[in-house]
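Listed here are the chains, written in short residue letters.
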Amino acid sequence: MRNTYPYLFCTLLALLALQSCKTASPDYTRLLQGYRHSIHHSDGTSTFYLSNEPSNSKKKSVSPYYWYSKNQLHQTTGDYHGKLLDGEFTQHDKGGHLKQKRYFHMGLKTSLWKTWDDQGTLLTEENYRLGQLQGSKRYYEKGQLSKKEHYKKGRLNGPSINFPTTDSIITAHYRNGKKVERIPLTKKISRIWKGKKR
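Residues numbered from 1 in each chain as written. Predicted model: local features only at pLDDT ≥ 70, side-chain atom pairs only at ≥ 80, totals over all residues. Heavy atoms only, no water.

Caption draft 1: Quick look at the overall build of the chain. What the chain contains, in helices and strands, is three helices and 15 strands. A buried classification covers 29% of the 198 residues belonging to the chain. For the chain, the share of sequence-separated contacts (at least 6 apart) that also reach a separation of at least 24 residues comes to 21%. (Helix = DSSP H or I, 4+ residues; strand = E, 2+ residues; numbered from the N terminus. Buried < 20%, exposed > 50% of the residue type's maximum accessible area, 1.4 Å probe, protein only. Contact = heavy atoms within 4.5 Å.)

Here it is as structure tokens:
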């Protein structure tokens, strides 16, 4: 009986190791499933990953699809015919400087997108979900934050804040893509109080 314990222990360790391999990170498994491709053009090089999913196998989206066919990148809305971009997308200029870093999931924009100028200074940061702007979008001038917006399902929703100088702020408010008047908190409380008195 004592001789079987080491074998059971080794078997248990092997099963645990096998289970941890099955739950590998999504990025690692994506690298194994998709494949990396590069296109060289007059401005530099675009490098991206493509999905192994068969064409037209997913539910259609109203957001633009980004896909690859015949050594070209394409963008169409509602449908696609080729391999969908899936994973990291980078664009470098002729000198090898990073200009854009984007992410796609099954051809749709996703996650954090960044752009840089020729000197490597950050220009924009924007977040996407299911092909639409979702969350904050930031604009930079000379490395300093110059404007910040908030989006929901591709539309401005919430505060839009401009920083024209280091000591001034201009704020506008949006709801579902339309500019709205911001009611001060004291007026809101006053309206609620009057409403309860009636």
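Caption draft 2: Highlighting the confidence of the model for the chain. Overall, the predicted model of the chain reaches an average pLDDT of 83, with 72% of residues at or above 70. Across residues 21-26, where pLDDT falls below 50, the model places one contact with residues more than four positions away in sequence or in other chains. Within the model, the stretch residues 28-32 combines pLDDT values under 50 with five contacts to residues more than four positions away or in other chains. (pLDDT = per-residue confidence, 0-100.)

Caption draft 3: Spotlight on the packing of aromatic side chains. Taken as a whole, this structure holds seven aromatic pairs when the rule is applied. Aromatic side chains Phe 89 and Phe 104 sit 6.0 Å apart centroid to centroid with 75° between the ring planes, which places their arrangement in the edge-to-face category. Remark: Phe 104 occurs in strand β6 (residues 98-105) and Phe 89 occurs in strand β5 (residues 83-93); sequence separation between them is 15 residues. Here Phe 89 falls in the buried class, since its relative accessible area comes to 6%. Judged by centre distance (5.3 Å) and plane angle (65°), the rings of Phe 104 and Trp 113 are edge-to-face. Taken individually, Phe 104 and Trp 113 each receive the classification buried, so the pair is uniform in this respect. By the ring-pair criterion, three or more aromatic residues cluster together here, those being Phe 48, Tyr 66, Tyr 68, Phe 89, Phe 104, Trp 113 and Tyr 128. (Phe/Tyr/Trp six-rings, centres within 6.5 Å; stacked < 30°, edge-to-face > 60°.)

Caption draft 4: Inspection of the pairing of strand β2 (residues 44-50) at higher detail. In terms of residue burial, β2 counts as a mostly covered element, since six of its seven residues are buried. A loop of two residues connects strand β1 (residues 35-41) with β2, the two strands running antiparallel in sequence. Examined bridge by bridge, β2 and β5 share six bridges and lie antiparallel to one another. The partner of Leu 50 across the bridge, within β5, is Leu 85. (Pairing = 2+ DSSP bridges.)

Caption draft 5: Geometry of the nonpolar core. Phe 48, Leu 50, Tyr 68, Leu 85, Phe 89 and Phe 104 are the most contacted members of the largest nonpolar core, which totals 15 residues. Of all the secondary structure elements, the ones that give two or more residues to this core are β2, β3 (64-69), β5 and β14 (168-175). (Core = buried A, V, L, I, M, F, W, Y, C linked by side-chain atoms within 4.5 Å.)

Caption draft 6: Highlighting the side chain of Lys 109. Along the polypeptide, Lys 109 turns up in strand β7 (residues 108-109). One buried charged side chain, Lys 109, makes no salt bridge at all; its nearest oppositely charged neighbour is Glu 126, positioned 5.7 Å away. With residues up to four places along the chain from it excluded, the contact list for Lys 109 reads Tyr 66, Tyr 103, Phe 104, Tyr 128, Arg 129, Leu 130 and Gly 131. (Lys, Arg positive; Asp, Glu negative; His and termini not counted. Salt bridge = Lys/Arg side-chain N within 4 Å of Asp/Glu carboxyl O.)

Caption draft 7: Summary view of the pattern of salt bridges. Counted by the stated rule, this structure contains five salt bridges. For the salt bridge of Asp 118 with Lys 99, the shortest nitrogen-to-oxygen distance reads 2.6 Å. In this pair, Asp 118 sits in the loop between β8 (111-116) and β9 (122-129) while Lys 99 sits in strand β6, placing the two residues 19 residues apart along the sequence. Measuring nitrogen to oxygen at the nearest pair gives 3.2 Å for the salt bridge that ties Glu 149 to Lys 147.

Caption draft 8: Structural context of unusual backbone geometry. The backbone of Lys 70 shows a phi angle near 55°, a positive value even though the residue is not glycine. Checked against the element boundaries, Lys 70 lands in the loop between β3 and β4 (72-77). We classify Lys 70 as exposed; its relative accessible area is 78%. Backbone geometry at Leu 130 places phi at a positive 55°, although glycine is not the residue there. Residue class for Leu 130 comes out exposed when judged on its relative accessible area of 54%.

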